[in-house]
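A look at the structure
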Amino acid sequence: MLSFILPAHDEARLLPQTLAVLKTAASELAIAHEIIVVDDASTDATASVAHAAGVQVLPIQARHIAAARNAGAAHARGTHLCFIDADTHVDAGILRAALQAMEDGAAGGGARVRLQGPVAWHARLGEPLLGGLLRLARIAPGCFLFCTRQAFEQVGGFDARLYAGEDVVISRALARQGRFVLLRGVVWTSPRKLQTFSAWEHVKLLLALARHGRGLLHSRERLDFWYGARRGHEAGKRPPG
């Protein structure tokens, strides 16, 4: 059994297409699987959208990405776990490669990430640079991360003390349990953070991380980049310009 776990907070706008793409890919694999949407304190129709798609819905009230992923894993029945963000599209090829890696003994891994649709030229140029840095650091972006249940339980799941950066920590923890694979295939994710936060806001976040280090990641209130109110394009409105 392969368990897909999708944490979701107010994702009614993007979730339908994500689930449609995932269900198509999973069907092509022709293996036993389940899809679990962890509805984390949503105020929109996230749960209704997931129910309409015929997938499992696990409601929680944590407003915490690590806790949502852990809750989904605890609910799942699979021997293999695949964590996918609600704005990320994966195809059968990348799922097949992930399963093969685990069957060949890998504890877990991830894939290269590309941004969906048109984005600014500097963002498109930065994709391979950031991707290369993550590969060098052996880190799987949280939008697509897979692992065996055994390895997940051995590392204690995602670090619930963190409100961001939990994907970095679990990548390193899984690598200590066994081989950690970064697949050559690509998953496609939304560029909404680039569309809803200015370049200066990105810089301020980097400066805050440089100043406060990992301690910044222990406070939800200081991480509006992940937990602030949706705005602009991310809330379904057209971006300015």
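It should be noted that the structure appears before, not after, this text.
Residues numbered from 1 in each chain as written. Predicted model: local features only at pLDDT ≥ 70, side-chain atom pairs only at ≥ 80, totals over all residues. Heavy atoms only, no water.

In this section: the packing of aromatic side chains. What the rule picks out here adds up to 4 aromatic pairs. Judged by centre distance (5.0 Å) and plane angle (90°), the rings of Phe83 and Phe158 are edge-to-face. Residue Phe83 is found in strand S4 (residues 80-84), and its partner Phe158 is found in the loop between helix H6 (149-154) and helix H7 (166-177); the two are separated by 75 residues along the sequence. An aromatic cluster is defined as three or more aromatic residues linked by ring pairs; in this entry it consists of Phe83, Phe152 and Phe158. Here the basic side chain of Arg69 rests over the ring of Phe158, its NZ or CZ set 5.3 Å away from the ring centre. (Phe/Tyr/Trp six-rings, centres within 6.5 Å; stacked < 30°, edge-to-face > 60°. Helix = DSSP H or I, 4+ residues; strand = E, 2+ residues; numbered from the N terminus. Lys NZ or Arg CZ within 6 Å of the ring centre and 35° of its normal.)

Buried residues of helix H3 (residues 65-75): Ala66, Ala68, Arg69, Asn70, Gly72 and Ala73, and no others. Along its buried surface, H3 packs onto strand S1 (2-8), strand S2 (33-40), strand S3 (56-60), S4, H6 and H7. (Buried < 20%, exposed > 50% of the residue type's maximum accessible area, 1.4 Å probe, protein only. Contact = heavy atoms within 4.5 Å.)

Quick look at the pairing of strand S7 (residues 144-148) now. One face of the sheet, then the other: side chains in a regular strand alternate in exactly this way. The element S7 is largely enclosed, with a buried count of 5 among its 5 residues. In the sheet, S4 pairs with S7 via 5 bridges, with the strands oriented antiparallel. Looking across to S7, one finds that His80 is bridged to Thr148. Here strand S6 (residues 108-115) runs beside S7; their pairing, made up of 3 bridges, is antiparallel. When the bridges of S7 are listed, Gly110 appears paired with Leu145. (Pairing = 2+ DSSP bridges.)

Moving on, we get to the packing of helix H1 (residues 15-29) against helix H4 (residues 92-103). Between two packed helices, both the angle of their axes relative to each other and the distance between the axes serve to describe the pair. Remark: H1 packs on H4, axes separated minimally by 8 Å, with the N-to-C direction vectors making an angle of 55°. Relative to H4, H1 is oriented oblique. Classified by chirality, the crossing of H4 by H1 is right-handed. Along the contact surface, H1 presents Leu22, Ala25, Ala26, Glu28 and Leu29, while H4 presents Ala92, Leu95, Arg96 and Leu99. Along the lines of polarity and charge, the residues of the contact of H1 with H4 split into 7 nonpolar, no polar and 2 charged. (Axes fitted to C-alpha atoms, helices over the stretch in contact; angles between N-to-C directions. Parallel < 35°, antiparallel > 145°, perpendicular 65-115°, else oblique. Left-handed = near helix turned anticlockwise from the far one by under 90°. Nonpolar A, V, L, I, M, F, W, Y, C, P; charged D, E, K, R; others polar.)

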